[in-house]
Amino acid sequence: MSASEQASGRLPRTSSYEADPAAVHRVLLLYSGGLDTSVMLKWIQDSYDAEVVCLTVNLGQPGEDYELIRAKALRLGALDCHVVDAREEFAGEYIARAIKANALYGSGYPLFTALGRPLIAKLAVEQARASGCDTIAHGCTGKGNDQVRIEATVATLAPELGVIAPVRSWQMGREEEIAYAREHGIPLKGGSEAVPYSIDDNLWGRSSEGRWIEDLEHAPEEDVFGLVTPPERAPDQPQQLAVEFERGLPVALDGERMELVALLERASELGARHGVGIIDNLEDRIVGLKVRDIYEAPAAAIILTAHQELERLVCTIHQNQFKPELERRWAYLVYAGLWWEPLRADLDAYMDEVNEHVSGKIGLKLYKGQARVVTRSSPNAVYDAALASFAASGGLFSQAAAPGFIELWSLQSRMAWRLRNR
């Protein structure tokens, strides 16, 4: 590393899409209004002598004041700060596909952050081009998956744009960032940014990292739960909830039809009240690390549970055994930042085809951290109560044919056992 690179905190370029410092003149910064991106806004102006345009994306993060975020960006020297409400696109084009794919990574992560990043990066590309920017900047660290998801998207959709990731290169810890903010008059929330957890949230869930979460022997502390009521404090009375689907997507709760964004918000509210959707997860990251995350995903816990059950009801045994293999591949591609990989679109075509028949209603009981299926109905159910009954039956099912089936079904297994046990 050269002396000038050391002085500026920049690392040498190791990829074609990383911005050449000499070519950075106007930067599109993905801006949240928090400590990292606020320090970044000032640091980019000073380190690159560049203009900065900010972009803030609403994916359903609760409690955000977007006017306040925009005002803060302008006060810190941004040419402009564009706030985009992308909730409908996020729900309709990203979460909807995840529902059809029953998308879970590893031991239960419903991909809410992974689904949001390619959309945020796509919007950044669009706004960068509209604003005459030559570079996109983000606040991801070098240890996370989000850098992969954002940079892979930018490199795919806009190879003419450069990328900078100041947090990855400036080598400032939280205390140094706070000192930098105070030195440059950057407002801190409540006078301090000593936040105990690193949090990301949207319509589909919330994640928490940092502090005691990094200690695998430390049981969860209740102050980490900012969305879901701990099951021990959830209501003592269960609540039944009916989720209605049409062609694989939820369209109504308890008979009330809603647009997808409103439905997800309502499902999240109900699940959170009853302690549903807490996931204490040990996860294999794409960058090679094994990490622990605390997830709160009440909407995903309810909708995916109901959708999986409805699929089981309307699909054949062969579909039900085959589709999970494709679901795991779909989830892996999205988790790994490869939303724009053609295979993901190929898999979507299969998911769409299967879900053409996934219409019906699933009843769940919400109680003390569980969303348990209790009722099922569908006009497309591959189910006949008369055939399933233990009472006498005929027609399509002949009990008299069973011995012949068993004779042939077990033939090879019986032959192999005899050969190996002479």
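Just so you know, these numbers come straight off a predicted model, no measurement behind them. (Residues numbered from 1 in each chain as written. Predicted model: local features only at pLDDT ≥ 70, side-chain atom pairs only at ≥ 80, totals over all residues. Heavy atoms only, no water.)

Asker: How should the overall build of the protein chain be read in this particular structure?
Answerer: Check the secondary structure of the protein chain and you find 15 helices and 14 strands. Counting only C-alpha atoms, the protein chain reaches 85 × 55 × 45 Å along its principal axes. Counting across all 422 residues of the protein chain, residues that qualify as buried make up 48%. Sequence-distant contacts in the protein chain: of pairs separated by 6 or more residues, those separated by 24 or more amount to 72%. Put simply, the protein chain shows about 20,900 Å² of open surface, and 51% of that area lies on carbon and sulfur atoms. Of the side-chain charges in the protein chain, 43 are positive and 60 negative, and the distance between the mean point of each set is 5 Å. (Helix = DSSP H or I, 4+ residues; strand = E, 2+ residues; numbered from the N terminus. Buried < 20%, exposed > 50% of the residue type's maximum accessible area, 1.4 Å probe, protein only. Contact = heavy atoms within 4.5 Å. Areas by Shrake-Rupley, 256 points an atom, 1.4 Å probe, with all protein chains shown as cover. Lys, Arg positive; Asp, Glu negative; His and termini not counted. Charge placed at Lys NZ, Arg CZ, Asp CG, Glu CD.)

Asker: Explanation requested: the state of the cysteines in the structure shown.
Answerer: Disulfides are covalent bonds that link the sulfur atoms of two cysteine residues. By the definition in use, this model includes zero disulfides. The thiol of C81 is unpaired, and the distance to the nearest cysteine sulfur, on C54, comes to 5.0 Å. In this structure C133 is a free cysteine whose sulfur lies 9.7 Å from that of C54, the closest cysteine sulfur available. (Disulfide = S-S within 2.5 Å.)

Asker: Teacher, can you tell me more about the pattern of salt bridges here?
Answerer: Opposite charge on two side chains permits them to pair, given that their charged atoms come into close proximity. Inspection of every chain in the model, using the stated rule, returns 33 salt bridges. For D46, the salt bridge is made with K42, and the minimal N-O distance between the two is 3.6 Å. Linking D46 with K42, this pair stays in helix α2 (residues 35-48), spanning four residues, or about one helical turn. D46 gets classed as partly exposed once you look at its relative accessible area, which sits at 43%. Taking the relative accessible area as the measure of exposure, K42 reaches 24% and is therefore partly exposed. The salt bridge involving K290 is made with D284; its shortest N-O contact spans 2.4 Å. Overall, K290 belongs to the exposed group, its relative accessible area being 55%. Salt bridges sharing partners connect three or more residues here, namely E93, R97, R344 and D348. (Salt bridge = Lys/Arg side-chain N within 4 Å of Asp/Glu carboxyl O.)

Asker: Help me understand the sheet that holds strand β2 (residues 51-58) in this model?
Answerer: Strand-to-strand pairing in sheets goes through backbone hydrogen bonds, with the strands running parallel or antiparallel. The strand order β3-β2-β1-β4-β5 describes an open sheet built from five strands, whose pairing is parallel. Among the strands making up the open sheet, the edge pair consists of β3 (80-85) and β5 (162-164). Mean inter-strand twist for the sheet, computed between neighbouring axes without regard to direction, equals 25°. Relative to β3, β2 runs parallel, the two sharing six bridges. Pairing of L55 across the sheet is with H82, part of β3. The strands touched by helix α3 (residues 66-75) are β2 and β3; relative to β3, the strand with the most contacts, the crossing angle is about 160°. (Pairing = 2+ DSSP bridges. Axes fitted to C-alpha atoms, helices over the stretch in contact; angles between N-to-C directions.)

Asker: Just to check I follow, could you spell out α3 for this structure?
Answerer: Turn by turn, an α-helix covers 3.6 residues, leaving residues three or four places apart pointing in a common direction. Among all positions in α3, only Y66, I69, K72 and A73 are buried. The buried residues of α3 occupy an angular sector of 120° when projected down its axis, which confines them to one face. Projecting away from the buried face of α3 at angles above 90 degrees are the exposed residues E67, L68 and R75. Each element contacted by the buried residues of α3 is listed here: α2, β2 and β3. If you check the start of α3, you find a side-chain oxygen 3.3 Å away from the backbone N of E67, and it comes from D65. (Arc of directions from axis to C-beta. Polar contact = N/O pair within 3.5 Å; in protein donor to acceptor, adjacent residues only side chain to side chain.)

Asker: Sorry, what's going on with the packing of aromatic side chains here?
Answerer: Each pair of aromatic rings is reported with the distance of its centres and the angle of its planes. One pass over the full model with this rule turns up 13 aromatic pairs. The interplanar angle of 85° and the centroid separation of 5.4 Å between the aromatic rings of Y109 and F112 together place this pair among those described as edge-to-face. When its relative accessible area of 0% is taken as the criterion, F112 is described as buried. Here F322 and Y350 contribute two aromatic rings whose centre-to-centre distance is 5.8 Å and whose plane-to-plane angle is 90°, an arrangement assigned as edge-to-face. With F322 in helix α11 (residues 317-335) and Y350 in helix α12 (residues 342-355), this residue pair connects regions lying 28 residues apart in the sequence. Residue classification places F322 among the partly exposed residues on the basis of a relative accessible area of 38%. An aromatic cluster is defined as three or more aromatic residues linked by ring pairs; in this entry it consists of Y105, Y109, F112, Y295 and Y335. R149 extends its terminal NZ or CZ atom over the ring of Y335, reaching a point 5.0 Å from the ring centre. Between R344 and the ring centre of W339, over which it is positioned, the NZ or CZ distance is 3.9 Å. (Phe/Tyr/Trp six-rings, centres within 6.5 Å; stacked < 30°, edge-to-face > 60°. Lys NZ or Arg CZ within 6 Å of the ring centre and 35° of its normal.)

Asker: Help me understand a nonpolar patch on the surface, please; the structure alone is not making it clear to me.
Answerer: Together, L387, L396 and F397 make up an exposed nonpolar region whose accessible area comes to about 330 Å². The topology assignment puts L387 in helix α13 (residues 385-388). (Patch = residues over 30% accessible without salt bridge, like charges linked within 9 Å, V, L, I, M, F, W, Y side chains within 5 Å.)

Asker: Please explain the nonpolar core as it appears in this structure.
Answerer: A general feature of soluble globular proteins is that nonpolar side chains tend to end up buried together. Residues L111, L115, W204, V243, I302, I303 and W330 are the most contacted members of the largest nonpolar core, which totals 80 residues. No other element matches helix α5 (residues 112-130), which puts 10 residues into this core. Residues in contact with V243, not counting those within four places in the same chain, are P250, A252, L253, I302, I303, A306, G360, K361, I362 and L364. The next biggest cluster of nonpolar side chains, apart from the first, holds 31 residues, and it includes L41, A50, C81 and I186. (Core = buried A, V, L, I, M, F, W, Y, C linked by side-chain atoms within 4.5 Å.)

Asker: Is there a simple way to think about the sheet that holds strand β9 (residues 249-253) in this case?
Answerer: One open sheet holds the five strands; their spatial order is β10-β9-β8-β13-β14, and the pairing between them is antiparallel. Of all the strands in the sheet, the pair left with one neighbour each is β10 (256-257) and β14 (370-377). As defined by bridge partners, strand β8 (residues 239-246) adjoins strand β13 (residues 360-367) across seven bridges and the pair is classed as antiparallel. Note on β13: the bridge partner recorded for A242 is G363.

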